[in-house]
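# Structural features, examined
One letter stands for each residue in the lines below.
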Amino acid sequence: MSDDIQLKTTLHSDSTTSTEFNSKSIKSKIFRLDILFILTTILVIILMFEFKFLNIFSRSSLSSVISFISSNFWPPNTSEVVQQNIRYAMLETIKMSLIGTYFGTLMSLPLSVLAARNLMPNYVSTPFRILLAGIRTVPSLIWALIFVVLFGLGPRSGTLALAIYTMGYLGKFQYETFEGLSTEAFEALKAHGASRLQTIRFIVFPESANQLISQVIFMFEYNVRAGSIIGFVGAGGIGFLLSFYISYFQFSALVTALLYLLITVIIIDYLGGKIRETFQDENFDKLEL
Amino acid sequence: MATVDHSNNYIFLHDIHAGYKGIKILNNINLNIKKGSITAIIGPSGAGKTTLFKIILGLLRPSNGKITIDGVSPTVFNKKHGKIGYIPQNLGLIKNLTVKSNILLGALGRTSNIASLLNLFSIEDHEMCEEILNSLEIKSKENQKITSLSGGQKKRVAIARAFMNKPDLLIADEFLSELDDLNIKKVMNLVKNKAKETNMTVILVEHDIGTALKYTDQIVLVKDGEIKGVFESNQVEPSILDEVFYNE
Ligand SMILES: Nc1ncnc2c1ncn2[C@@H]1O[C@H](COP(=O)(O)OP(=O)(O)OP(=O)(O)O)[C@@H](O)[C@H]1O
Ligand SMILES: [Mg+2]
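Residues numbered from 1 in each chain as written. Chains lettered and ligands numbered in written order. Predicted model: local features only at pLDDT ≥ 70, side-chain atom pairs only at ≥ 80, totals over all residues. Heavy atoms only, no water.

### Points about the sheet that holds strand S8 (residues 218-223) of chain B
All names here are of chain B. As a reminder of what qualifies: Only strands that DSSP links by at least two bridges are regarded as paired with each other. Every helix listed is a DSSP run of H or I at least four residues long, and every strand listed is a run of E at least two residues long, numbered separately from the N terminus. Every angle, taken between N-to-C directions, lies between 0 and 180 degrees, and every axis is a line fitted to C-alpha atoms, over only the stretch in contact when it is a helix.
Across the sheet, six strands lie side by side as S5-S6-S7-S3-S8-S9; this open sheet has mixed pairing. The open sheet has two edge strands with one neighbour each: strand S5 (84-87) and strand S9 (226-232). Between one strand axis and the next, the sheet turns through 15 degrees on average, direction left out of account.

Here you go:
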């Protein structure tokens, strides 16, 4: 019996070496981050001189900015007609985001399964990753421009742009989620004779459901913001109205529209955040758009 | 080392070398396992026990050497010849599904893609699942999510899922840890009866040498990716196993 106990202690004797290794690699990473930060700071300061940033603070330019704002922007235009237009356009942006997020999600799911390294062989996943990355490299504004050229002005083109862009981004979020799933469930089901389709049905979707929902909500929030910008190229929504007010120098109406946009975005981000809290996904908050 | 009668080999490994991404883990593994026998693999952490299982399961391709189960390669065996029950070291349960759904997944191999996409399993499979739930005493938990179970209950779900596949070969990694003595006895008796009834072959990793000696026919000692000895369980003294460890 005492032999057994002795044996057990030797069984786990190699665990110390692995922790030593870990702390070493972490230390070297922190060291590099220090240097990196100092170097980037120096670089940024040099670049700021090149752009003549200090000139902003010269007395003449500051005072001209202040007088321009105080004479043209304030007070905001609160007439009922202006507010009605803004509400209509704001709602249009939200509708565009809803439709765009919906179709973007539907299209991204099969693509992200095909792009996941742990679900597909490399010769399948690599081309789909490149496709998704390609979609992401084109900003949503440019997608909107492309669709406006193809299908004309209006919210339809904006919605298409949001759908395509959503597909590119959500697809990446999704395959990263899939690749983070533990391999043991896959191994267990494969050993029990499950097909690839069955592992996707019974492991991939149930195990990543929370993250997927959280990502979709985040994407909707993002699309409301992006949807406000793409209107500038005539793709409908509040952005269209913003660009209209700017080009006709109606700055007090512009301020009203911006306030509406600000409040809407804050409310949607708040509600989205609350909903996402119930579908916790620790990895997700680290991702940057 | 015991010489083995080759005509009786069910699982046969010859000069197996294997590793991950160029890192060598297993070296020159030669092993024979008879049909219907119960084998325990013992060895220190990191010895390569789980890696050896992955080779037998066909989840990892050896870089060198030959392995057959029932005369064919593991992947062919899994597809055509026989059924495998696998209990991974960390169980590999699907946390967001219920106990019952998890157990039914053991029947995926005999369920068509379309039926399984709709979550339709045969009536026989549902009945069999009930039976296993009862015999492992987790019936009351059947509609609970895996996350709400205790360690030992999770273990029993994984065992149930493996049984669900009507295995000819049961492979269990750290099978009995987290179970109390009474449950170890219950589960091992269940396994022994099944092995006798259906001529099922069992290979398990077990850290407790006493338990391994008590319930198995053969003990394989693995260390540093090599097999250091194969012993008949009823003929070996625990102290001899111990010695093999310390002499390295
Ligand atoms: N996926 C992997 N990639 C790279 N190396 C791995 C991988 N899995 C295991 N190893 C390494 O292979 C060696 C053997 O691992 P293995 O899991 O087979 O050990 P084990 O005998 O099962 O140990 P334990 O008793 O702790 O489960 C270890 O050194 C481990 O670090
Ligand atoms: Mg192991």
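Having seen it, we continue.
### So, the coordination of the magnesium ion (ligand 2)
Operational definition: We call an atom a donor if it is N, O or S and sits within 2.8 Å of the metal, or 3.2 Å for Na, K and Ca. Water is not counted, so some sites may look partial.
In the first shell of the magnesium ion (ligand 2), the protein supplies Thr50(B) (OG1) and Gln89(B) (OE1), at 1.9 to 2.2 Å from the metal. Here the residue Thr50(B) occupies a position in helix H1 (residues 49-57), and Gln89(B) occupies one in the loop between S5 and helix H3 (99-104), the gap between them amounting to 39 residues.

### Structural notes on the packing of helix H5 (residues 123-135) of chain B against helix H6 (residues 151-164) of chain B
Residues and elements named next belong to chain B. Threshold: Roughly parallel refers to an angle under 35 degrees, roughly antiparallel to one over 145, roughly perpendicular to one between 65 and 115, and oblique to any angle outside these ranges. If you view the pair so one helix is near and one far, a crossing is left-handed when the near helix is turned anticlockwise from the far one by less than a right angle, and right-handed when it is turned clockwise. Contacts: residue pairs with any heavy atoms within 4.5 Å of one another. By the convention adopted, Pro, Cys, Tyr, Trp, Phe, Met, Ile, Leu, Val and Ala count as nonpolar, Lys, Arg, Asp and Glu as charged, and the other residues, Gly among them, as polar.
Relative orientation of the contacting elements H5 and H6 amounts to 140 degrees, with a least axis distance of 10 Å. As the angle between them shows, H5 and H6 are arranged oblique. Crossing handedness for the pair H5 and H6: right-handed. Here Asp125, Met128, Cys129 and Ile132 of H5 come into contact with H6, specifically with Ala160, Phe163 and Met164. Considering only residue class, the contact of H5 with H6 consists of six nonpolar, no polar and one charged.

### Overview of the confidence of the model for chain B
A low pLDDT means the predicted coordinates there should not be read in detail. Residue and element names in this part refer to chain B. Note the threshold: Residue-level confidence of the predictor is summarised by pLDDT, bounded by 0 at the bottom and 100 at the top.
The predicted model of chain B has a mean per-residue pLDDT of 88, with 94% of residues at 70 or higher. Looking at the elements of chain B, mean pLDDT is at its lowest for helix H9 (residues 238-246), recorded as 68, and at its highest for H3, recorded as 95. For the stretch residues 1-5, pLDDT sits under 50, and the model shows five contacts to residues farther than four places along the chain or on other chains. Reported confidence for the predicted complex is 0.88 by ipTM and 0.78 by pTM.

### Here we look at the sheet that holds strand S1 (residues 9-20) of chain B
Residues and elements named next belong to chain B. Ordered by their spatial adjacency, three strands build an open sheet running S2-S1-S4, and the pairing between neighbours is antiparallel. Single-partner strands in this sheet number two, and they are strand S2 (23-34) and strand S4 (64-69). Going from strand to strand, the sheet's axes swing by 20 degrees on average, the running direction of each strand aside. In this structure, S1 lies alongside S4, joined through five bridges in antiparallel fashion. Its bridge partner being in S4, His17 is matched across the sheet by Asn64. Sitting on the sheet, H1 is in contact with S1, S2 and S4, with an inclination near 120 degrees to S1.

### Things to note about the interface of chain A and chain B
The condition is simple: In this description, buried area is defined as the sum, over both parts, of the accessible area (probe of 1.4 Å) that is lost when the two are combined. The term salt bridge refers to a side-chain nitrogen of Lys or Arg lying within 4 Å of a carboxyl oxygen of Asp or Glu. For this analysis, a polar contact is any N or O atom pair within 3.5 Å, provided that within protein one partner can donate a hydrogen and the other can accept it, and provided that sequence-adjacent residues contribute only side-chain to side-chain pairs.
Listed per partner, the contact involves 27 residues of chain A and 43 residues of chain B. Summed over both sides, the interface between chain A and chain B buries roughly 3000 Å², with carbon and sulfur atoms accounting for 56% of that surface. For the pair chain A and chain B, the interface holds two salt bridges. A salt bridge links Lys95(B) to Glu207(A), with the nearest nitrogen and oxygen atoms 3.8 Å apart. Scanning the region where chain A abuts chain B turns up 12 residue pairs in polar contact (both at pLDDT 80 or more). Where the side of chain A that touches chain B is concerned, the elements lending two or more residues are helix H1 (2-11), helix H8 (183-191) and helix H9 (196-230) of chain A. Here the side of chain A that touches chain B is built from residues that sort into 11 nonpolar, seven polar and nine charged.

### Observations concerning the packing of aromatic side chains
Quick note on the threshold: Any two rings among Phe, Tyr and Trp, with Trp reduced to its six-membered ring, count as a pair given centres within 6.5 Å; such a pair is stacked if its planes are under 30 degrees apart, edge-to-face if over 60, and tilted if neither. Only protein chains enter the calculation, and the probe is 1.4 Å; a residue is then buried if its accessible area is under 20% of its type maximum, exposed if over 50%, and partly exposed in between. Whether a charge sits over a ring depends on NZ of Lys or CZ of Arg being within 6 Å of the ring centre and within 35 degrees of the ring normal.
A full pass over the atoms with the stated rule returns 12 aromatic pairs over all chains. Relative to Phe103(A), the ring of Tyr102(A) has its centre 5.1 Å away and its plane inclined at 90 degrees; by these criteria the two rings are edge-to-face. Relative accessible area serves as the criterion here: at 43%, Phe103(A) is assigned to the partly exposed category. With centroids separated by 6.0 Å and ring planes inclined at 20 degrees, the aromatic side chains of Tyr165(A) and Tyr222(A) adopt a geometry described as stacked. Here Tyr165(A), found in helix H7 (residues 155-179), pairs with Tyr222(A), found in helix H9; they are 57 residues apart in sequence, far enough to count as distant. On the accessibility criterion, Tyr165(A) (7% relative accessible area) is buried. The structure contains a cluster of three or more aromatic residues connected by ring pairs, namely Tyr165(A), Tyr169(A), Phe173(A) and Tyr222(A). A cation over an aromatic ring shows up here: Arg136(A) above the ring of Tyr169(A), its NZ or CZ 5.9 Å from the ring centre. Lys194(B) extends its terminal NZ or CZ atom over the ring of Phe163(B), reaching a point 4.6 Å from the ring centre.

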